[in-house]
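Each chain, written out:
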Amino acid sequence: MLEMLRNIVQEVNLAEDLDSALKIIVQRIREAIGADVCSIYMRDQRSGRYVFQANEGLNREQLGQISLAAGEGLVGLVAEREEPLNLDLATSHANFHPVEGIGEEPFNAFLGVPIIHQREVLGVLVVQQKEQRRFDESEESFLVTISAQLAGVVAHARVTGSITFDTVGSRPPDSSKVRGIAGAPGIAIGEAVVVSPVADLYAVPDFKTSDRRSELRAFKKALIAVRADIEMVAEKLEEQLNPEEHALFDVYLRILDDATIGTEVASRIKAGQWAQGALSQVMIEHIQNFERMEQSYLRERAVDVRDLGTRVLAYLQAADSRQQSYPDSSILVGEELTASILGEIPREKLAGIISITGSGNSHVAILARAMGVPTVMGAGDLPYTRLQGREVIIDGYYGEVYLNPDAALRERFAAALAQGEEVSQDLESLRGEICETLDGHRLSLWVNTGLVEDVEHALDHGAEGVGLYRTEVTFQRLDRFPSEEEQRQIYRSQLQAFAPLPVTMRTLDIGGDKALPYFPIKEDNPFLGWRGIRVTLDHPEILLVQTRAMIKASAGLDNLRIMLPMVSNLSELEEALEFIRRAHHEVVEEGSEVSMPPVGVMVEVPAAVYQARELARLADFLSVGSNDLTQYLLAVDRNNSRVADLYNAFHPAVLHALRQVAEAARAEGRQVSICGELAGDPAATVLLLGMGFNALSMNANSLARVKKAVRSLSLTEAGPIMEQVMNLGNSLSVHQRLQTFLSDKGLSGFFHAPLD
Ligand code: PEP
Ligand code: MG
């Protein structure tokens, strides 16, 4: 059964579009179960009706013509109830609804299961049989299993389908939404520019050409070049290979000479596709055909075809002297975008970023936040190679991408965008103003930094210090651990740029999803494993070198604070303090006149919340890492788009924890700040103020908004609002309450509500 499941899923995965995927599903399932009929009804996103879309065994002329509402007929009942329905005599069921012309009258046995992806019913899968019998348990569980497995594939194919629809021209395509992870806040409406890696057949964007002749010429030239390469290599290796191995080159040459491949590519070019796109489409089809072959010898040919296709593509790409041109509102889309790719596009043309892989912690997300470019990460369901030139909306607040936006959706986002721009202009005037409440309470606004680019940006936006300098970002850019002197110079420039304002440097925080290429950590549960302080305490040579470099760098400036990540017990703090004191002692002994910096603890593990008072007694300050604290309190992976709905720092449990930490620090007379993303959310400002946080540390782009929020409210009202909110039952009600509060303060432009 497992083998059969795997084969079906694999085959469906290779399907080109939704219709072919559904066709394969109904054929294979009918065979597997031995049923007379197998059908799929897909939910139409506009009407909400379930459309008869794929079938084996009934009148297929009715495909696309017949549909049922939720609750209507047996199919509608399965969809409405979201559970299987297994009947031996379908016609006697109260919900049976005969459909004219479909030809299902003679079928008695009925088994329907819903196809559900991310809580949404995408459709209903049905098998039917003439014989009056109940499908047995194993058949029912097979259908449930395959439906659950195929739901993701069907969802992906549906988004792809909505993109290809309008090229077919049958009807305007539906808007579709793909969920990813919020990478950098903001909204962008623009044109997709697909960035493809070099010589990857699967990442070539669709692109229409008007110059078919030169595309054809380029393709022929590339073919000739690859042929010459292969002949040369074959000749060189003639002596060293035995005849069977050498015969492989003949296979390669035959594939290249294969008239069908050449003709197919040429005819796609003649139809308007550029050479790279035509080549990739044809080669992928051939690869898939080989992969489907029964005989393993033939299946292996897929590798040869892929290799050849890649070689031809590489020649085409090398010969392509076209300058990438960027439309005014470019939205860069790519599998794995890098910082250098971002550097190639003029800043004023870059409206947004979508990365298919990666998380909010990826380098590109950190850079995007620093640059203020709305970004969605991890949008894995997006068929990105088909997006070139298409209108896309991205919502960097909620990590969502919209394709084929209809007028209403576009209007809604355009209004939110315009409102955001208005607010930004308003905020310009705040730069020189101090950050205090209407009743004169001062709150420090700090920035989170990591990249060199952050410094200028932060100072430009009037930061009052650095609340979190992520030292691992520098480490991630290198191919080995940086030396003490290298580190000293980097830290010195950071400290100098902000002096006399405080700079809080966090000791190396690797592990979890933050890897160093030269220090791999392989674990089953990396977020519960060797992370942050756990790594550096096990490697004192790393901690000592790093803290010595920090302390040396602060000579004559005295604006350094050191902060420890992922502390989960008192002994970690005690041990780290001992190392840091030793590092300080050594630096002083070497002749530097430098004082011992304050050392603080990040509260980002629930254990630290409950021991906040004890930690505060030993440390000089506390700083809440709300990103990790939310993840650990709610048991929700902060980088997993599947559970992204559950990740919410406004969850009352998180708020209670924050208050407890602030109270503990106050009771010990210590300063308390917060440096997770929550600090930069103006909706949270009133709560953090009410709880008694002394400083908020955020990305530079959030500074002005938070300052505006602080300057619009008073400390006396913050306490009662915070108390009220703490007693609400869930994050949704917390959000609603805070949004009403902000609106009453005239700050409604500071947020936009989720669409559903
Ligand atoms: C946090 O966890 O809130 C934090 C600021 O640290 P990082 O995002 O770097 O893990
Ligand atoms: Mg953290």
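Each chain has its residues counted from 1, running along the sequence as written. Chains carry letters from A onward and ligands carry numbers from 1 onward, assigned in written order. Only residues with pLDDT of at least 70 are given local features in this predicted model, and only at 80 or more are side-chain atom pairs given and counted; all residues enter the totals for whole chains, interfaces and linings. Values reported for side chains reflect all heavy atoms of the structure, with hydrogen atoms and water molecules removed beforehand.

### Observations concerning the pairing of strand E2 (residues 50-56)
Relative accessibility under 20% of the residue-type maximum defines a buried residue, over 50% an exposed one, and the middle range a partly exposed one, all with a 1.4 Å probe and only protein chains included. The helix count covers DSSP runs of H or I at least four residues long, the strand count covers runs of E at least two residues long, and both are numbered beginning at the N terminus. Among the seven residues of E2, six are classified as buried, and the element is accordingly described as predominantly covered. One requirement defines pairing of two strands: DSSP has to find at least two bridges between them. Examined bridge by bridge, strand E1 (residues 37-43) and E2 share six bridges and lie antiparallel to one another. Pairing of Cys 38 across the sheet is with Glu 56, part of E2. Linkage of E1 to E2, two consecutive antiparallel strands, is achieved through a turn of six residues, within which Gly 48 is found at a positive phi near 75°.

### Let's talk about unusual backbone geometry
Of note, the amide linkage connecting Ala 499 to Pro 500 takes the cis form, showing an omega dihedral of 5°. Relative to the elements of secondary structure, Pro 500 occurs in the loop between helix H15 (484-498) and strand E17 (503-506). The residue Met 566 is not glycine, and still its phi comes out positive at about 65°.

### Overview of the pairing of strand E9 (residues 187-195)
As a general feature of sheets, a regular strand has side chains that alternate between the two faces. For E9, the buried fraction is high: eight of the nine residues fall into the buried class. Pairing analysis gives five bridges linking E9 to strand E13 (residues 391-395), with the strands arranged antiparallel. When the bridges of E13 are listed, Ile 189 appears paired with Ile 393. Bridge count for E9 against strand E10 (residues 330-334) is five bridges, and the pairing is parallel.

### Examining the sheet that holds strand E3 (residues 67-68)
The six strands lie next to each other as E3-E2-E1-E6-E5-E4, forming an open sheet whose pairing is antiparallel. The open sheet has two edge strands with one neighbour each: E3 and strand E4 (85-87). Bridge analysis of E1 against strand E6 (residues 120-129) gives six bridges, and the strand direction is antiparallel. The residue bridging Ile 40 from the neighbouring strand is Leu 125, located in E6. Here helix H3 (residues 73-81) sits on the sheet and contacts E1, E2, E3, E4, strand E5 (109-117) and E6; the angle it forms with E5, its principal contact strand, is near 40°. When checking whether two residues touch, look at their non-hydrogen atoms; a contact exists if any pair is within 4.5 Å. The axes used here are C-alpha line fits, helices contributing only the stretch in contact, and every angle between their N-to-C directions lies in the interval 0 to 180 degrees.

### Re the site of ligand 1
A molecule or strand has a residue near it when one of that residue's heavy atoms lies within 4 Å. The environment of ligand 1 is formed by 13 residues, the closest being Arg 470, Arg 506, Gly 625, Asn 627 and Arg 638. In this structure, an oxygen atom belonging to ligand 1 sits 3.0 Å away from a side-chain N or O atom of Lys 514. Exposure was quantified through the Shrake-Rupley algorithm and a 1.4 Å probe, taking into account, for residues, occlusion by the shown protein chains and nothing else. Burial of ligand 1 by the surrounding chains reaches 100%, relative to a free accessible area of 290 Å². Mapped onto the shell around ligand 1, the elements with two or more residues apiece are strand E16 (466-470) and helix H21 (626-634). Per element, the largest residue contribution to the shell around ligand 1 is three residues, and it comes from H21. Think of a polar contact as two N or O atoms within 3.5 Å of one another; within protein, one of them needs to be a possible hydrogen donor and the other a possible acceptor, and neighboring residues in sequence only count if both atoms come from side chains.

### Concerning helix H13 (residues 452-460)
Each turn of an α-helix holds 3.6 residues, which means side chains three or four residues apart point in the same direction. Among the residues of H13, those classed as buried are Asp 454, Val 455 and Ala 458. Down the axis of H13, the buried set is contained in an arc of 105°. They therefore lie on one face. Turned more than 90 degrees from where H13 packs its buried face, Val 452 and Glu 456 sit exposed. Where H13 is buried, its residues contact helix H11 (363-371), strand E15 (444-449), H15 and helix H24 (703-711). Just downstream of H13, Gly 462 is the residue with a positive phi angle, here 75°. Each C-beta atom gives one direction from the helix axis, and the arc is the one those directions make.

### Section: the pattern of salt bridges
For salt bridges, the criterion is a side-chain nitrogen of Lys or Arg within 4 Å of an Asp or Glu carboxyl oxygen. Tallying each qualifying case throughout the model produces 36 salt bridges. We note a salt bridge from Arg 488 to Glu 485, for which the minimum N-O separation is 3.0 Å. Separated by three residues within a single helix, Arg 488 and Glu 485 lie in helix H15, roughly one turn from each other. Judged by its relative accessible area of 23%, Arg 488 falls in the partly exposed class. Of the charged contacts, one joins Arg 659 and Glu 723 as a salt bridge, the two residues approaching to 3.0 Å between their closest N and O atoms. Taken together, the residues span a long stretch of sequence, with Arg 659 in helix H22 (residues 652-667) and Glu 723 in helix H25 (residues 715-726) at a distance of 64 residues.

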